[in-house]
Amino acid sequence: MADVLSQSQIDELLRSMQGGGGDEAPAETKEKEPVKEKVAEETKYNKYDFYSPRKFTKEKMKMLTNAFENYARILTSQVNGIFRAMTDMTVLEVQEKRYYEYVNALHENDDVALIEVSTQDGVKNNISLLMHVTPGLILTLISHMLGGGDRVVQEDSGYRLSDVERALYQRVIQYFVQALTDGFSNYIQLNFRLSRVEENPSMLQEVGLDEAVAIIHLNVDVAGLATEKVKICIPGTLLEFIFSLIDSRKRIAKGFSYQDNRDVILDNIRYSKLPVTAQLAKVQLNLNDIYHLQVGDIIDLNKLENSSVNLYVGRQPWFTGRMGVSKKNLAVQIEGLVGQSAKEEDQEEKVRAPAG
């Protein structure tokens, strides 16, 4: 006898036939979704080029980033104050790359400033720091410097500066160079000096094309109307020179060189020169009386002839003394410290006072 299907069983068979296999298809789709997510996560990893390994650690590059973030803040305030321009400079990136990547991004007409780096002791590195400022920012600052108003000049990166503009360019770039000293001041005291301006950066041969360099990109927002760039390149040998100086300063800060400096500091203080002046008295005159003073007039100081005078070291009274002559020169004989005689008189009065 054949089985009779109920209406609910018939509806279930129809739904499974229309859905293409019932519950099995959704299970397959659920299994495939996590695979797609894993593939998407794998594409987020940055590729590392083993043919050009990194020369500097992340800690060194972070230190360099902090120095240039400080430099961007200082340069923004100086540019806004000196040129009366509304700019906002921020650090876009600080990366270790090859020198040819920096040169290939420049045009033949771009001007690149070569900056010498030296220490406070005069130790100079032979490799220069390179700085390129886009023409739009330079022309805008030149316009503000010459009283051109608040307009923003926008020029292409291949713009060629004229002879007059190039002379003003060196004047403007000096402010960018001087701010570098303050930018690195938290780590080390360095002197930066503009050496020259190279008109064709492709002809520079001071650095090898494959040498590791640090490239710093600064974004400059000019009054919200234009966006300019400042591109700085620090060669690897110069970076090693800077980092070695910073490391040596850190070792000194830990106490390796301060243990025997006490006598040196005291000797410097002991032989320092201070101005010493003698004050006879104070008198106040009207401007009319001073105007009518003549040779031979006498000014009454309201002080006895043999009274003591005060000796000032700098602007502070230190000693009391009496005027006299020594080897035909006016001199002051020191009698005591200021305030010492007053203390002695107070002690004598306390002794003489009756008890009770």
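Cut-offs and rules
- Every chain begins its residue count from 1, and numbering advances along the sequence as written.
- Only residues with pLDDT of 70 or above have their local features reported here, since the model is predicted, and side-chain atom pairs are shown and tallied only from 80 upward, although totals for entire chains, interfaces and linings are computed over all residues.
- Hydrogens and water are ignored here; the side-chain numbers use all heavy atoms of the structure.
- When DSSP finds two or more bridges between a pair of strands, those strands are recorded as paired.
- Helix and strand assignments follow DSSP, with helices taken as H or I runs no shorter than four residues and strands as E runs no shorter than two, numbered in order from the N terminus.
- Lines fitted to C-alpha atoms define the axes here, with helix axes fitted over just the stretch in contact, and angles between the N-to-C directions of these axes take values from 0 to 180 degrees.
- Any angle between 65 and 115 degrees counts as roughly perpendicular, while under 35 counts as roughly parallel, over 145 as roughly antiparallel, and the rest as oblique.
- Note: crossing handedness is left-handed where the near helix turns anticlockwise from the far helix by less than a right angle, and right-handed where it turns clockwise.
- Here, residues are in contact when the closest pair of their heavy atoms is within 4.5 Å.
- Polarity classes work like this: nonpolar for Ala, Val, Leu, Ile, Met, Phe, Trp, Tyr, Cys and Pro, charged for Asp, Glu, Lys and Arg, and polar for all others, with Gly in that last group.
- Salt bridges, as used here, are contacts in which a Lys or Arg side-chain nitrogen is within 4 Å of a carboxyl oxygen on Asp or Glu.
- In summary, the pairing rule links any two rings of Phe, Tyr or Trp, Trp by its six-membered ring, whose centres are within 6.5 Å, and it sorts them by plane angle into stacked for under 30 degrees, edge-to-face for over 60 and tilted for everything else.
- Accessible area is worked out with a 1.4 Å probe on protein chains only. A residue is then buried under 20% of its type maximum, exposed over 50%, and partly exposed in between.

A. Representation of the sheet that holds strand S10 (residues 329-337) in the model. Strand order across the open sheet formed by four strands is S7-S8-S9-S10, with antiparallel pairing between neighbours. Each of the sheet's edge strands pairs with one partner strand only, and the pair in question is strand S7 (276-279) and S10. Strand-to-strand twist of the sheet, defined as the mean angle between neighbouring strand axes without regard to direction, takes the value 40 degrees. Judged from the four bridges that link them, S7 and strand S8 (residues 309-313) form a sheet pairing that is antiparallel. Its bridge partner being in S8, Ala278 is matched across the sheet by Leu311.

B. Region of the structure containing the packing of helix H3 (residues 58-83) against helix H6 (residues 163-183). Running from N to C, H3 and H6 point in directions that differ by 140 degrees, and their axes come no closer than 8 Å. For the element pair H3 / H6, the angle class is oblique. For the pair H3 and H6, the sense of crossing is right-handed. Residue-level contacts link Ala67, Phe68, Asn70, Tyr71, Ile74, Leu75, Gln78, Ile82 and Phe83 of H3 to Val172, Tyr175, Phe176, Ala179, Leu180, Asp182 and Gly183 of H6. Classifying every residue of the contact of H3 with H6 gives twelve nonpolar, three polar and one charged.

C. Layout of the pattern of salt bridges. Considering all chains together, one arrives at eight salt bridges under this definition. The partner of Lys124 in a salt bridge is Glu116, with the nearest N and O atoms 4.0 Å apart. Between Glu198 and Arg196 there is a salt bridge, with the nearest N and O atoms lying 3.5 Å from each other.

D. Examining unusual backbone geometry more closely. The phi torsion at Ala223 lies on the positive side, around 55 degrees, for a residue other than glycine. Mapping Ala223 onto the fold places it in the loop between strand S5 (212-222) and strand S6 (226-235).

E. Layout of the packing of aromatic side chains. One pass over the structure, following the stated rule, counts six aromatic pairs. Taking 5.5 Å as the distance between ring centres and 85 degrees as the angle between the ring planes, the aromatic pair formed by Phe83 and Tyr175 counts as edge-to-face. One end of the pair, Phe83, is in helix H3; the other, Tyr175, is in helix H6, and 92 residues separate them in sequence. The exposure class assigned to Phe83 is buried, which follows from its relative accessible area of 3%. Here the aromatic residues Phe68, Tyr71, Phe184 and Phe192 are joined through ring pairs into a cluster of three or more.

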